[in-house]
Amino acid sequence: MFVVVGVTGGIAAYKTVQLVRTLVTNGHEVHVVPTVDALRFVGTATWEAVSRNPVTTSVHEDVAQVRHVALGTSADLVIVAPATAHTLARMAAGLADDLLGVTLLATTAPVVVAPAMHTAMWEHAATQQNLHTLRERGVHVVGPADGPLTGGDSGPGRMVEPDEIAAAALAVVARGDAAGGVSGKARHDLAGLSVAVSTGGTREPIDPVRFLGNRSSGRQGAALAQAAADRGADVTLVAAHVDDGVLTEASRHPRVAVVRVSTAAELQSAMTDAAATADVVAMVAAVADYRVAAIAPGKLRKEDGIPRLELVENPDILAGLVAGRRPGQLLVGFAAETAADDAELVERGRRKRARKGVDLLAVNRVSWDEGFETTENRVVLLDAHDEVVADAAGTKCDVADAVWDAVVALGSPVR
Ligand code: C5P
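Calculation rules
- Residues numbered from 1 in each chain as written.
- Predicted model: local features only at pLDDT ≥ 70, side-chain atom pairs only at ≥ 80, totals over all residues.
- Heavy atoms only, no water.
- Pairing = 2+ DSSP bridges.
- Helix = DSSP H or I, 4+ residues; strand = E, 2+ residues; numbered from the N terminus.
- Near = heavy atom within 4 Å.
- Polar contact = N/O pair within 3.5 Å; in protein donor to acceptor, adjacent residues only side chain to side chain.
- Areas by Shrake-Rupley, 256 points an atom, 1.4 Å probe, with all protein chains shown as cover.
- 1 Å grid on protein atoms, 1.4 Å probe; cavity = no way out; pocket = protein on both sides within 12 Å on 5 of 7 lines; lining within 4 Å.
- Sits in = over half its atoms within 2 Å of the grid points.
- Nonpolar A, V, L, I, M, F, W, Y, C, P; charged D, E, K, R; others polar.
- Buried < 20%, exposed > 50% of the residue type's maximum accessible area, 1.4 Å probe, protein only.
- Right-handed = clockwise from strand over helix to strand, strands pointing away.
- Axes fitted to C-alpha atoms, helices over the stretch in contact; angles between N-to-C directions.
- Parallel < 35°, antiparallel > 145°, perpendicular 65-115°, else oblique.
- Contact = heavy atoms within 4.5 Å.
- Domains from an automatic or database assignment.
- Buried area = accessible area lost by both parts, 1.4 Å probe.
- Salt bridge = Lys/Arg side-chain N within 4 Å of Asp/Glu carboxyl O.
- Points joined across faces, edges and corners; volume = space filled by probe spheres on them.

Give a detailed account of the sheet that holds strand S1 (residues 2–7), specifying residues and quantitative values.
Spatially, five strands are ordered S2-S1-S3-S4-S5 in an open sheet, and the strand pairing comes out parallel. Of all strands in the sheet, those with a lone pairing partner are strand S2 (29–34) and strand S5 (140–141), marking the two edges. Relative to strand S4 (residues 111–115), strand S3 (residues 77–83) is paired through four bridges, and the arrangement is parallel. In the sheet register, Val80 faces S4, and the bridge partner there is Val113.

Given below as structure tokens:
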């Protein structure tokens, strides 16, 4: 495959050397297009050595070969890693003042960007707006990851690891997704649909300061809402205890309305309202199965002895939504399961799908270090005939897209 790797001016550029090596080792023809700023971090000689191809940054070099058009039109895939906030802004505006800018406008190949910047820059409205614009045009965004940043602080903004970028980018090509280039057309296969998504984890109060809760971060549901909106749907995202940072992107999407809730009862009421007009309902939230029978009006104190909590069962919200579904409405459940192996995972999933009566169940394996609080996920999708219709792995955005692909494949009610 002919891969163009755009490199822009961030310290993570040194990691892109590994990305290029991986692609070359896997037999791809790689052409690196650094910006002038990127060359301050990693020089031309390194890029030429790892890619085994000449490297230019300006449209005025190699003019006889019309390199700026040739690179864009020859590419089967364009990856921009790291993609700085400035680069995302340039891409959103369609600026073409260097070879990378021109290549990005000339290509019809899928474009994958791996953002890397400080958390404050990532969360800035300008950056988020630019990302919306790019996503709407079909550009695929991988990361950023959450973790320590160059300045010594921590948060979302780290470029995801090179092998992950390579895997995500190759998966985009394998899926044959729409281009982010000249045509700038994203899939709008959910246009006109109304979608309700729940995410996060409910909290059931014990007393004014304590609660029963769970480890759900809300990332997968936020990604699902974001992906649905990018694909044209109008989305209500009901979020139970999700950090602002996790919701930043989705909440700034013009087609996403966020409703914040806390307890299972509040989530049920918000989802029942949203489901009344929704074509597709996806229950991604981790709902507490039990709540405390009598919430203590004052703080429970040690001197009063070890408390005995009486629990009562919460309603199964999803089962209720299935029972009261509108004609043609499609219901998607998520099941987090611990399982010894894939066979057990699928078996548990089948039993749960039948119990819940959903059209699609995404079963994901969880453990102390899988599923929760991570940016990666893997789900097995079961349809109403208990067939495994997809086995999706990657970032939570990739998994979200796989879920919507499966919804679209089910046909009704998708127009
Ligand atoms: O039974 P389990 O909790 O594993 O089922 C998971 C699915 O059911 C998820 O889609 C979750 O949102 C939903 N659920 C619910 N109400 C509950 C418990 C789970 O809607 N009380």
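An account of the site of the ligand is requested, with residue identities and associated values reported.
In the region of the ligand, the neighbouring residues are Met283, Ala285, Val287, Asp289, Pro315, Asp316, Ile317, Leu318, Gly333, Phe334, Lys352 and Lys356. Between the ligand and the protein, one listed contact pairs an oxygen atom with a backbone N or O atom of Leu318 at 2.7 Å. Here Lys352 contributes a side-chain N or O atom positioned 2.4 Å from an oxygen atom of the ligand. In isolation the ligand exposes 440 Å². Once the protein is present, 88% of that is buried. Among the detected pockets, the ligand sits in the largest pocket. Listed by contribution, the elements that provide at least two residues to the shell around the ligand are helix H12 (317–323), strand S16 (330–337) and helix H13 (342–356). The residue makeup of the shell around the ligand, split by class, is seven nonpolar, one polar and four charged.

How would you sum up the pairing of strand S11 (residues 234–240)? Please name residues and give values.
In terms of residue burial, S11 counts as a mostly covered element, since five of its seven residues are buried. Bridging between S11 and strand S12 (residues 256–261) involves six bridges; their strand directions are parallel. In the strand pairing of S12, Val235 is matched with Val256. A crossover links S11 with its parallel partner S12, the connecting element being helix H10 (residues 244–251), and its sense is right-handed.

A description of the packing of helix H9 (residues 219–230) against H10 should follow, citing residues and the corresponding values.
Running from N to C, H9 and H10 point in directions that differ by 10°, and their axes come no closer than 9 Å. Between H9 and H10, the interaxial angle falls into the category roughly parallel. In contact with Arg219, Ala222 and Gln226 of H9, H10 contributes Val246, Leu247, Glu249 and Ala250. Split into classes, the residues belonging to the contact of H9 with H10 amount to four nonpolar, one polar and two charged.

Residue-level account of the domain arrangement of the protein, with values.
Split into domains, the protein comes out as domain 1 (2–174) and domain 2 (194–410). Computed from C-alpha coordinates alone, the two centres of domain 1 and domain 2 are separated by 34 Å. Each partner contributes to the interface: domain 1 provides 12 residues, whereas domain 2 provides 14 residues. The three residues of domain 1 that bury the most area against domain 2 are His132, Arg135 and Glu136, which together make up 44% of that side's buried surface. Between domain 1 and domain 2 we count four salt bridges in total.

Run through the pattern of salt bridges, naming residues and quoting values.
Taken as a whole and assessed by the stated rule, the structure comprises 22 salt bridges. Ionic pairing is found between Arg255 and Glu136, a salt bridge with its closest N-O pair at 2.9 Å. Taken together, the residues Arg255 in the loop between H10 and S12 and Glu136 in helix H7 (residues 125–136) connect sequence positions 119 residues apart. Its relative accessible area of 23% is what places Arg255 among the partly exposed residues. Among the residues examined, Glu136 registers a relative accessible area of 26% and is labelled partly exposed. Here Lys356 ties to Asp316 by a salt bridge, and the two come within 2.6 Å at their closest N and O atoms. Here the residue Lys356 occupies a position in helix H13, and Asp316 occupies one in the loop between strand S15 (311–313) and H12, the gap between them amounting to 40 residues. It is possible to trace a salt-bridge network through shared partners that takes in Asp189, Arg231, Asp401 and Asp405.

Talk me through unusual backbone geometry; I want residue IDs and the actual numbers.
Geometrically, the link from Ala81 to Pro82 is a cis peptide bond, its omega value of -5° lying close to zero. Following the sequence through the fold, Pro82 ends up in strand S3. Cis geometry is adopted by the peptide bond preceding Pro144, which originates at Gly143 and carries an omega value of 5°. Turning to its location among the elements, Pro144 is positioned in the loop between S5 and strand S6 (145–148). Phi angles above zero are rare outside glycine, and Arg52 is one such case at about 60°.

So what's going on with the layout of surface pockets? Which residues, and what values?
A volume near 1100 Å³ is recorded for the largest pocket. Residue lining of the largest pocket: 42 residues in total, with Ala285, Ala286, Val287, Phe334 and Ala336 positioned closest to the centre. If you list the elements that add at least two residues to the lining of the largest pocket, you get strand S8 (194–200), H9, H12, S16, H13 and strand S17 (360–365). Considered class by class, the residues forming the lining of the largest pocket number 18 nonpolar, 16 polar and eight charged. The space that makes up the second largest pocket amounts to roughly 570 Å³. Around the second largest pocket, the lining is made up of 32 residues, and of these Pro144, Arg219, Val246, Glu249 and Thr375 lie nearest the centre. Elements supplying a minimum of two residues to the lining of the second largest pocket: H7, S6, H9, H10 and helix H14 (396–410).

Talk me through the side chain of Asp207; I want residue IDs and the actual numbers.
Within the secondary structure layout, Asp207 lies in strand S9 (residues 204–207). Only 2.9 Å separates the side chain of Asp207 from the backbone nitrogen of Val209, close enough to count as a polar contact. At a separation of 2.4 Å, a polar atom in the side chain of Asp207 contacts the side chain of Arg210. Each residue touching Asp207, except ones within four places of it in the same chain, is listed here: Ile295, Ala296, Gly298, Lys299 and Leu300.

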